[in-house]
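# Overview (structure and organization)
The residues making up each chain are set out below.
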Amino acid sequence: GSLGQATGDGRTVRRVVVRLLQPRFGLIGLWNVLDACSNFAQPIIVATLVRDLRLRSADRLGWDFALVGLLTLTSLGGAVSIQQVLWGGARMGMRAKLALSSAVYAKTLSLGNAALLATSAGSAASLVGIDVFRLEQSFTFFHMLWCAWLGLGLVTFFHMLWCAALARTPRRTPRRTH
């Protein structure tokens, strides 16, 4: 919608926000899922490595090297994915900031003299400088908010899987060397 079609009830703003979020929402969501999976798999990998080192099982040395490689890959995947999430959110925030700044500028040009005298330059500067910056930041961290619930679910799921796997694994006592 154009600026002249704004009704003041927020529908135009909601439409613009949805148009800004929609093209990249799926991709950023996939990056968030990758980040969550890699971050929540790492403690399980480390716990398995520590358990194998504590038991000093030489027959599992190849498995332990594979786990170290997997830990490295999950760390790399988590770092790359969070970078992509923050970059994508910042890009959407910058687009929103540009759109809102130009809308404020266009509205300022269309105001009459009485309206211009009723508003101060400080309130306009605050709107463009501070409020628009907050909008930009909200786009950057919006995906972190919804992903927190996904992360909580994954932590619970992986914890239940790990506990179930430990309950089924027979306990071996470490060999004592004298």
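Residues numbered from 1 in each chain as written. Predicted model: local features only at pLDDT ≥ 70, side-chain atom pairs only at ≥ 80, totals over all residues. Heavy atoms only, no water.

### Here's the deal with the nonpolar core
One finds Ile28, Val85, Met92, Ala96 and Phe139 forming the largest nonpolar core, which totals five residues. Top element by residues in this core is helix α2 (residues 61-110). It accounts for three residues. (Core = buried A, V, L, I, M, F, W, Y, C linked by side-chain atoms within 4.5 Å. Buried < 20%, exposed > 50% of the residue type's maximum accessible area, 1.4 Å probe, protein only. Helix = DSSP H or I, 4+ residues; strand = E, 2+ residues; numbered from the N terminus.)

### A word on the confidence of the model for the chain
When pLDDT is averaged along the chain, the result is 75, and 81% of the positions lie at 70 or above. Helix α3 (residues 113-118) is the least confidently modelled element of the chain, averaging 73 in pLDDT, while α2 averages 82, the highest of any element. Segment residues 1-7 is flagged for pLDDT under 50; beyond a separation of four residues in sequence, or across chains, it makes seven contacts in the model. (pLDDT = per-residue confidence, 0-100. Contact = heavy atoms within 4.5 Å.)

### Side note on the environment of Thr74
Tracing the sequence through the fold places Thr74 in helix α2. Exposure remark for Thr74: the relative accessible area of 12% places this residue in the buried category. Not counting the four nearest positions on each side in its chain, Thr74 is found in contact with Ser38, Gln42 and Ile45.

### What about the side chain of Asp35?
By the element assignment, Asp35 lies in helix α1 (residues 11-55). For Asp35, the contacting residues outside a window of four places in its chain are Gly78, Ser81 and Ile82.

### Looking at a nonpolar patch on the surface
Taken together, Leu73, Leu76 and Val80 make up a surface patch of nonpolar side chains, about 280 Å² in accessible area. Among the structural elements, Leu73 can be located in helix α2. On the basis of relative accessible area, Leu73 is assigned to the exposed category, the value being 57%. (Patch = residues over 30% accessible without salt bridge, like charges linked within 9 Å, V, L, I, M, F, W, Y side chains within 5 Å. Areas by Shrake-Rupley, 256 points an atom, 1.4 Å probe, with all protein chains shown as cover. Salt bridge = Lys/Arg side-chain N within 4 Å of Asp/Glu carboxyl O.)

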